[in-house]
Structures are given as C-alpha cells and as structure tokens.
Amino acid sequence: MSNAANEELDPALENKLCSLLIARVQDYAIFMMNPEGEVMSWNEGARLIKGYTRREIVGQSMTRFYTPEDQQRGRPAELLATAARDGRVEDEGWRVRKDGSRFWADVVITAVKDDTGQLIGYAKITRDLTERRTAEAAIGELSARLFRLQDEERQRLAGHLHDRTSTYLTQVLGSLYRVKAHLKSADVVLLNDVGESIHKVEAASDVIRRVAHMLHPSRLEQAGLVETLRWYVNAVSGQRLAVTAELPDAPIGISQEGEIVLFRLLQECLNYLIGRPRIRRAVVRLSGDGEVALQITVYGSLPPGLRDALTGLQSDFGGGLVWVRERLRQLDGKVQVITGDTKSVVEATVPSRPRVEKAP
C-alpha cells in the first residue's frame, strides 16, 4: 500500500469536503443552530423541504418550523433541552413550511459540545415522511373498513346461526320430550336412547349459542363491556389457559365502538395464547377513570408474532389485531406491550365517552 494511502486527510480539506457534501444533500434538511436554537447554516435539502432560502432563515429561530400548537406548549424548547441533557433527541410530528403547509417530519437533534463539555450548538436533521404517513394512513383506513365489514358479516352469521337453528332444535327437543313422556317404564332401551338424544340436542344447542356469541356477542349491546368480558373470561378459561378477571362492579363510560374494539382485542389475544407452551395463566383487568384501560397480563413470555402485530412491527400477522390497532388509533386510543421473561402485559386505552344506546 502506498504511503499516500496511509496519509491522513488534511483537516481543513476534510471539513471542506464534509461541508460540500452536507450542503448538496437534497433528501434531508441538515443545518446547525446556536445554543438558543437560531439557525446558523442551511443546506439544499432544508431549502427544498422547508421552503426557506439561506438568506431568509439564517439567524431566525427554529420555532417557526413548528405548529402553533407545539409552540404554545413549548415543544421546541423541550426538544433542545432534552438534546442538551441526553446528547440527542428523536421526534416525529407535524412541521410547518414557509408557505404555511404542514408536513410530517422525522427529526434528530444532536447537541454539539466543545472539548470542555460546553454546549456550542445543535445539529438538526429532518426527513419529510409525509408520503409514507399518508400511505400508512390509507392502508390503515382500508384495513379498518375491511375488518368492519368482517365484523358486520360475523354479526349476520351469528344471527342466522342462532335464529335459524334454535327454532329447529327447540322443535326437536319438544318432540323428544313428548316421545319420552309416552314411553313405558319397561322400555328401558328406548328411554335411554331418548334421554341420550335429548342430552345431545341440548349440548348442540349450547355449542351453537356459544359459537354465535363468539362471532358477535349480542350481550355486548345488551349488557355492556363489563358483563360481556366477565362472560367471555368464564367461557374460555380452562385447562390449557386459566383466565381470571378483575372487573369493576359498575358499567363504565365508553362508546359502543370502543366496547367492540376492546372486546375484540381480548378475544384475539386469548385465541392466540390458548394452548401456547409455557403460557398457562392470564389476568384481565378493566378500569375507567378519564380513559378506559383494558389490561391483559400474561404469565409467560409473549409470542413475538402477537407482540409485533400489536405494535405494528408486523402487519401480515393476525388480521384481527391489525383491525384492533387501527381502530384504536382512529378512536384516539393506543396499545402498549411490555414483554418480560416471566410476565408480559398488553394494555389498550380509549378515551372515556358516554355509551349511546341504539334506537330500538
């Protein structure tokens, strides 16, 4: 290897090359600020993304890039303070261009300090993610519409399954009971056969009723979320997964859409957890104070697929969970997942709102 290859680049030339590279980058807004948050440098990407020329913006405060709402709550100063304390800070949110239009930005602010540790300014890198956010929102809306249709289809199937079969089964039971009443006590074999048939028809009726309720729990509309969760936990708890519930005694204030979303979350999670190795117990908690929170505590490590579907890291797993996640977002709610080796927690929250009954 030649000596020239081993020679260090002249610091002045290196700084000049770095400055030229940064200045010509177009996909990122890259600029420096002084400790007060005033712009000191401005690259081509910043001009293209934010709309200001270098002459217009140098010396101006970074606060003008933020929405009036963020300015009012002191968000720019908060980000600078965090960067100064921790070395850097990342943020996503709406920002404002020169023409007043808004764009969704991914921002990294890094504190720049001298050799003594004294803060001398900040480096800020901004990416415009508006197109990605718009695409994600469109996909989310489509997913929500598809799964809303799926839920409506579940409701229709549940109605048909229960209403159409219950009449036939009731008639069969009536006939069997009449046959049993007319049999003589000496007809032991026939009596046993009829008794067994009655038992099987009643069991089939119970299974159909349970399946119909699983597809669309009509009691959710009739009795509300608390009683429906109590019924569902009792229905699914068994040897493969012991589920207990800690629920309030009184109904909670939540919209019917919110009730459906939280119920579906519990349903999808427990359906996935039942029978999983090393997961034998779960506790369901519901609370409502300002916001309604449904918490599912799983004693064991949460399966990665379930965790990723809930947090959005994986969108092709568990369609029902995709619907839940998107509907929570549309209801101004959220879902959080805390995983551990021995215990994991899934918690979803939605704003507390009055429950509006449907007209009869």
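Here goes a summary of the coordinates provided. Predicted model only: the values in this text are computed from it and were never measured.

This paragraph deals with the pattern of salt bridges. For the coordinates displayed, the defined rule picks out 15 salt bridges. Among the salt bridges present, the one from Arg88 reaches Glu90, with a minimum N-O distance of 2.8 Å. Owing to a relative accessible area of 41%, Arg88 belongs among the partly exposed residues under this scheme. Where Glu92 meets Arg132, a salt bridge forms, and the shortest distance between an N and an O atom there is 3.7 Å. One end of the pair, Glu92, is in strand β2 (residues 88–96); the other, Arg132, is in helix α7 (residues 130–182), and 40 residues separate them in sequence. We classify Glu92 as partly exposed; its relative accessible area is 39%.

Taken in spatial order, the four strands line up as β1-β4-β3-β2 in an open sheet, and their pairing is antiparallel. If you trace the sheet from one side to the other, it starts and ends with β1 (29–33) and β2, each paired once. Direction aside, the axes of adjacent strands within the sheet are offset by 25 degrees on average. Two elements, β1 and strand β4 (residues 119–128), share five bridges in a ladder whose sense is antiparallel. Residue pairing for β4: Met32 is matched across the bridge by Ala123.

A word on the side chain of Glu259. Topologically, Glu259 is positioned in helix α11 (residues 256–273). Only 3.3 Å separates the side chain of Glu259 from the backbone nitrogen of Leu225, close enough to count as a polar contact.

So, on to helix α6 (residues 75–86). Under the 1.5 Å per step criterion, the end-to-end length of α6 is 16 Å for twelve residues, consistent within 8% with the ideal 16 Å. If you check which residues of α6 are buried, you get Arg75, Pro76, Leu79, Leu80, Thr82 and Ala83. Looking straight down α6, one finds its buried side chains confined to an arc of 160 degrees; they lie on one side. Exposed residues on α6 whose side chains face more than 90 degrees from its buried face are Ala77 and Arg85. Each element contacted by the buried residues of α6 is listed here: β1, α5 (68–72), β2, β3 (102–113) and β4.

On to the pairing of strand β8 (residues 334–338). As defined by bridge partners, β8 adjoins strand β9 (residues 344–351) across five bridges and the pair is classed as antiparallel. Within β9, the residue paired with Lys334 across the bridge is Thr349. Between β8 and β9, which follow one another and run antiparallel, lie five residues.

Time to look at unusual backbone geometry. The backbone of Asp332 sits at a positive phi, close to 65 degrees, despite the residue not being glycine. Along the polypeptide, Asp332 turns up in the loop between α13 (319–330) and β8. Assessed through its relative accessible area of 59%, Asp332 is described here as exposed.

Take the packing of aromatic side chains next. The way to describe two aromatic rings as a pair is by their centre distance and the angle between their planes. A complete count under the given rule lists seven aromatic pairs for this structure. Taken together, a centroid distance of 6.1 Å and an interplanar angle of 55 degrees make the contact between Trp231 and Tyr232 tilted. What makes Trp231 buried here is its relative accessible area of 15%. Look at Tyr232 and you get buried, because its relative accessible area is 0%.

Analysis parameters
- For every chain, the first residue of the written sequence is number 1, and numbering continues from 1 onward in sequence order.
- Selection of residues for local features in this predicted model requires a pLDDT of at least 70, selection of side-chain atom pairs for listing and counting requires 80 or more, and totals for whole chains, interfaces and linings are taken over all residues.
- Excluded from the side-chain calculations are hydrogens and water; all other atoms, namely the structure's heavy atoms, are used.
- When a carboxyl oxygen of Asp or Glu lies within 4 Å of a side-chain nitrogen of Lys or Arg, that pair is called a salt bridge.
- Under the scheme applied here, a residue whose accessible area is under 20% of the maximum for its type counts as buried, over 50% as exposed, and between as partly exposed, the area being computed with a 1.4 Å probe on protein chains only.
- Secondary structure elements are defined from DSSP: runs of H or I of at least 4 residues count as helices, runs of E of at least 2 residues count as strands, and each element is numbered from the N terminus.
- For two strands to be treated as a pair, DSSP must find no fewer than two bridges joining them.
- Lines fitted to the C-alpha atoms define the axes, with helices restricted to the stretch that makes contact. Angles between their N-to-C directions range from 0 to 180 degrees.
- Under the rule applied, a polar contact is a pair of N or O atoms within 3.5 Å (in protein, one hydrogen donor and one hydrogen acceptor; residues adjacent in sequence only if both atoms are side-chain atoms).
- In a helix, the anticipated span is given by 1.5 Å times the number of residues less one.
- To obtain the arc, one takes the directions from the helix axis to the C-beta atoms.
- The contact definition used throughout considers only heavy atoms, calling two residues in contact when any of these lie within 4.5 Å.
- Geometry of aromatic contacts follows a simple scheme: Phe, Tyr and Trp rings, the Trp one being its six-membered ring, pair when their centres are within 6.5 Å, and the pair is stacked under 30 degrees between planes, edge-to-face over 60, tilted otherwise.

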